[in-house]
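# Per-entry structural report
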Amino acid sequence: MSEESMTYDTVDSSGAPSGDQDDDQAGAGSPTGSAAAPGTEADESTLDLAHVPGGALAALEAVLMVADEPIPAVQLATALGLPQREVEDLLAELAAEYRGELGGRPRGFELRQAGGGWRVYSAPVFADVVGRFLLEGQTARLTQAALETLAVIAYRQPVTRGQISAVRGVNVDGVVRTLTTRGLVAEVGQDPSTGAVLYGTTGYFMERMGFSSLDELPALAPHLPDVDSILDAADSTLGAPEGGSDHAQPRSPALPDDARPSTNDEGTS
């Protein structure tokens, strides 16, 4: 608990303020102390976890079950009135318990740290059955165009739509709107030289990817083509030079739909 939440303004019988430490401690709901600030007694009664069923672990579970986004450990510590280190130990204990590491059965859910905080998620092994329950045969997956655009934003943020279009070679207005609507990207400012809107990924993106920071993005180098592959692609596009070649001239590869200048990506299939 922070020092601020442990400080109380107390008054003695004459109405004069008292800063004495004993008065402060007695004022926190003690029958022998001075009257506490309005609402203090009710707040303090909710922080006595020694007498609630399940103790601090159960109280922590109760808070996590109503969280709709990852909650930092310091915020959980404030809610429970416990030291942050103790809450972090409790979180680790709950996570191990849900995985079945403390003697019980593995649960269908797990406690994970992602997006800068802690939250309860369904276990990945049950992704298919949970997906069938939620989607009932309907899918709302991102298209390849949307995934490519999201990757550009993630690795080059903050970035403008014009810069994204330059990388992908197509108009990305529609797909950026889709990603914004999905809550995966958001406006993060304006380019100081052009005034264009800058885009970056959101906390929801971090949560969905299971990242705590952007430093966890995988390196791009292993996924880039080597020089020989680039030269082969160039030969395939331009054709073999006059005078013959050791290899037959391949056809130019067909452009995918989202690589044609006239395409206006929308981002969902």
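First, a word on what this report is: a plain description of the structure on this page. (Residues numbered from 1 in each chain as written. Predicted model: local features only at pLDDT ≥ 70, side-chain atom pairs only at ≥ 80, totals over all residues. Heavy atoms only, no water.)

Attention shifts here to the overall build of the chain. Assigned secondary structure in the chain consists of 11 helices and seven strands. A total of 269 residues make up the chain; the buried ones form 28% of that total. The contacts in the chain between residues at least 6 apart in sequence include a share of 49% that link residues at least 24 apart. Accessible area for the chain stands at about 17,500 Å²; split by element, carbon and sulfur atoms hold 53% of it. (Helix = DSSP H or I, 4+ residues; strand = E, 2+ residues; numbered from the N terminus. Buried < 20%, exposed > 50% of the residue type's maximum accessible area, 1.4 Å probe, protein only. Contact = heavy atoms within 4.5 Å. Areas by Shrake-Rupley, 256 points an atom, 1.4 Å probe, with all protein chains shown as cover.)

For Thr-201, the location among the structural elements is in strand E7 (residues 197–201). By relative accessible area, Thr-201 is classed as buried at 14%. Apart from residues no more than four positions distant in its own chain, Thr-201 is found in contact with Leu-150, Ile-153, Ala-154, Gln-157, Leu-184, Val-185 and Leu-214.

On to the packing of helix H3 (residues 55–65) against helix H5 (residues 84–98), then. The angle between the axes and the distance between the axes are what describe a pair of packed helices. Between H3 and H5, the shortest axis-to-axis distance is 10 Å and the interhelical angle comes to 80°. By the angle class used here, H3 and H5 are roughly perpendicular. Contact residues: Ala-56, Leu-57, Leu-60, Glu-61 and Leu-64 in H3; Val-87, Leu-90, Leu-91, Glu-93, Leu-94 and Tyr-98 in H5. Classifying every residue of the contact of H3 with H5 gives nine nonpolar, no polar and two charged. (Axes fitted to C-alpha atoms, helices over the stretch in contact; angles between N-to-C directions. Parallel < 35°, antiparallel > 145°, perpendicular 65-115°, else oblique. Nonpolar A, V, L, I, M, F, W, Y, C, P; charged D, E, K, R; others polar.)

On to the packing of aromatic side chains, then. Tallying each qualifying case throughout the model produces one aromatic pair. On the numbers, 4.9 Å between centres and 70° between planes, the contact of Tyr-98 with Phe-109 is edge-to-face. Placement of Tyr-98 in helix H5 and of Phe-109 in strand E3 (residues 109–114) is noted, with a sequence separation of 11 residues between them. Classification of Phe-109 by relative accessible area gives partly exposed; the value is 26%. Of note, Arg-112 hangs over the ring of Tyr-121, and the distance from its end group to the ring centre comes to 4.1 Å. (Phe/Tyr/Trp six-rings, centres within 6.5 Å; stacked < 30°, edge-to-face > 60°. Lys NZ or Arg CZ within 6 Å of the ring centre and 35° of its normal.)

Those residues of helix H8 (residues 161–168) lying buried are Ile-164, Ser-165 and Arg-168. Seen end-on, H8 carries its buried residues on one side only, within an arc spanning 100°. Residues of H8 that are exposed and point over 90 degrees away from its buried face: Gly-162 and Ala-166. Buried positions along H8 lie against helix H7 (144–156), strand E5 (159–160) and helix H9 (173–181). Remark: Gly-169 follows H8 within two positions and exhibits a positive phi of approximately 80°. (Arc of directions from axis to C-beta.)

Structurally, the α-helix is built with 3.6 residues per turn, so residues lying three or four positions apart point the same way. Along H3, the residues classified as buried are Gly-55, Ala-56, Ala-59, Leu-60 and Leu-64. Where the residues of H3 are buried, they touch helix H4 (73–80), H5, E3 and strand E4 (117–122).

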